[in-house]
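What follows is the residue order along each chain.
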Amino acid sequence: MYKLHQNSVTGCKIKLMTLDGQPEPKRPLLSPVMRLFLVTMILANVAGAMYGGFLPLYLKSLGADIAQIGVFFTITQIIPLALQILGGWISDSLGRLKSIAAGSVSGVVSYIALILAPTWAWVFLGEGLGAITRSLVGPSFGAFIAEESKEESRAKVYGLVDTFYTIVAIVGPPFGGFLVDRYGFKVMLMVAASIYTAATVMRVRMASRARHHGQEDGKKARLELGALKVNLSAIFGLLVAGGVMTWIIITDGVRDISFSLSGNLIPVYLEDIAKLNAQKIGWLSSIMGIAMMVTSFPAGHLADKRGERLAIALGFALQSVAFFIFIKAETFITYAVSYFLIGVGSSLMSPAYQSLLSKVLPQKLRGTGFGLVHSGLGLFSLPAPAIGAKLYENISPTTPLWITAIASVLSIIPAIFKFKLTDKDRQQIDKAEAKILDAEEKNKPGQ
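About the thresholds
Residues numbered from 1 in each chain as written. Predicted model: local features only at pLDDT ≥ 70, side-chain atom pairs only at ≥ 80, totals over all residues. Heavy atoms only, no water. Salt bridge = Lys/Arg side-chain N within 4 Å of Asp/Glu carboxyl O. Helix = DSSP H or I, 4+ residues; strand = E, 2+ residues; numbered from the N terminus. Buried < 20%, exposed > 50% of the residue type's maximum accessible area, 1.4 Å probe, protein only. pLDDT = per-residue confidence, 0-100. Phe/Tyr/Trp six-rings, centres within 6.5 Å; stacked < 30°, edge-to-face > 60°. Expected span 1.5 Å × (residues − 1). Polar contact = N/O pair within 3.5 Å; in protein donor to acceptor, adjacent residues only side chain to side chain. Contact = heavy atoms within 4.5 Å.

Counted under the stated rule, the structure contains five salt bridges. A salt bridge links E271 to K60, with the nearest nitrogen and oxygen atoms 2.9 Å apart. Of this pair, E271 sits in helix α12 (residues 266-272) while K60 sits in helix α2 (residues 55-61), placing them 211 residues apart in sequence. Under the relative-accessibility criterion, E271 is labelled partly exposed at 29%. Using a relative accessible area of 33% as the deciding quantity, one classes K60 as partly exposed. Each of the salt bridges in this network shares a partner with another, and the network as a whole consists of K60, E271 and D272.

Set out below in structure tokens:
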């Protein structure tokens, strides 16, 4: 039990005290369940990082040319368009841990498909199953952290999670590159699959334990299409209101399009133009991960204290500078500087973006909302990888990179002037929440 204690000096500062006069112990930023959850995310994504950055090179080793690599990543973006939103709704309906466990099982099968692929076209099957996994896990990840943290320190929690999460970028790519150089892609994928399977077993046990202890009893036992319609209607109202949610989607869409033009071609660029081997390419990703690890927590603290828009604007600025350096780079050290700045920019934006998004979404819409943003307006960025490949081949390998750099510069403007919650935003949030509550009330048994 606790009592209020008046400060004897100021006469007004209030602290929460226990009845024996001791201050209330501070709760750790990460709860025990979140720590275990984070361990499973690190394991699963170390496996993903081992092959993700090398997937264009894997396709190339299976006979794909530059144009086919561009087409591959264009087509594989189709599946997440609807699935990210659907996965978020499933998370809202069934619970975060159940959705993550289900997605992880699909992920294990996706690794098997990647390993057994005889040609580059067969990799579509593995990536299709991987898209199902990401659609179920991704929205649940952001929503789960939001629900396990306080609003006043939420960006700091996201930053702390990102700090530990960057172990993925530090360990995964160089380890994957080492295995590729020494033993080939198939062995690397088998090792990654083993690590991912271990994470999946832990996730399934977490979901089972949560169900047994009733930790997600508030979630529906079944999926109802009527509820999906209500959720999408409420989200659409936030999107078209012209407030923060609208501008988050616009800037995220621009960023997604510009990065899709160049992102999947960077490993090919580093191999063909910079003449780096797989292990050195992996070390570049590791350098980016180190940058994120040392800056994510301070970045979250900055977002909590000075506002999300400042952190996001600084992130865009640093990433644009990083791409300008990358374009002009001629040595491994210069590429490393570029990757380091990309990492710092990402760590500035990630906790701030997630914190801001969690504040503009009602609790019952967070899964659907995170899923919508994670889809990155993929409908508009769908042709970007193929277009980027054409620009790479027909104009110059640096053309897609220039577009990405310029888009990052332009995104600074809305980040500064539009990423601030207003009274109109709060009214729209309340309206969306009321719509969900009203629908739930009408669907109660006996109504």
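Anyway, onward from the coordinates.
For the protein, per-residue confidence averages 81 on the pLDDT scale, and 86% of positions sit at 70 or higher. Mean pLDDT across the secondary structure elements of the protein bottoms out at strand β1 (residues 2-6), with 34, and peaks at helix α14 (residues 308-328), with 93.

Once that is clear, we can look at the packing of aromatic side chains. Two aromatic rings, taken as a pair, are described by how far apart their centres are and by the angle between their planes. Summed over all chains, the structure comprises 13 aromatic pairs. A ring pair is formed by Y111 and Y196, whose centres lie 5.2 Å apart and whose planes are at 40 degrees; its orientation type is tilted. Here Y196 lies in helix α9 (residues 185-212) and Y111 lies in helix α5 (residues 96-116), a separation of 85 residues in the sequence. The two residues Y111 and Y196 agree in class, both being buried. Among the aromatic residues, those joined into a cluster by ring pairs are F72, F73, W120 and F124.

As a further point, take helix α11 (residues 244-262). Since one α-helical turn is 3.6 residues long, residues separated by three or four positions face the same way. The end-to-end C-alpha separation of α11 is 27 Å, in line with the 27 Å expected for 19 residues at 1.5 Å each. Of all the positions in α11, only V244, M245, T246, I248, I249, T251, D252, G253, S258, S260, L261 and S262 are classed as buried.

We now examine the side chain of S320. As for its position among the elements, S320 is in helix α14. Among the polar contacts made by the side chain of S320, one reaches the main-chain carbonyl oxygen of A317 at a distance of 2.6 Å. The contacts of S320, once residues within four sequence positions are left out, are A405, S408 and V409.

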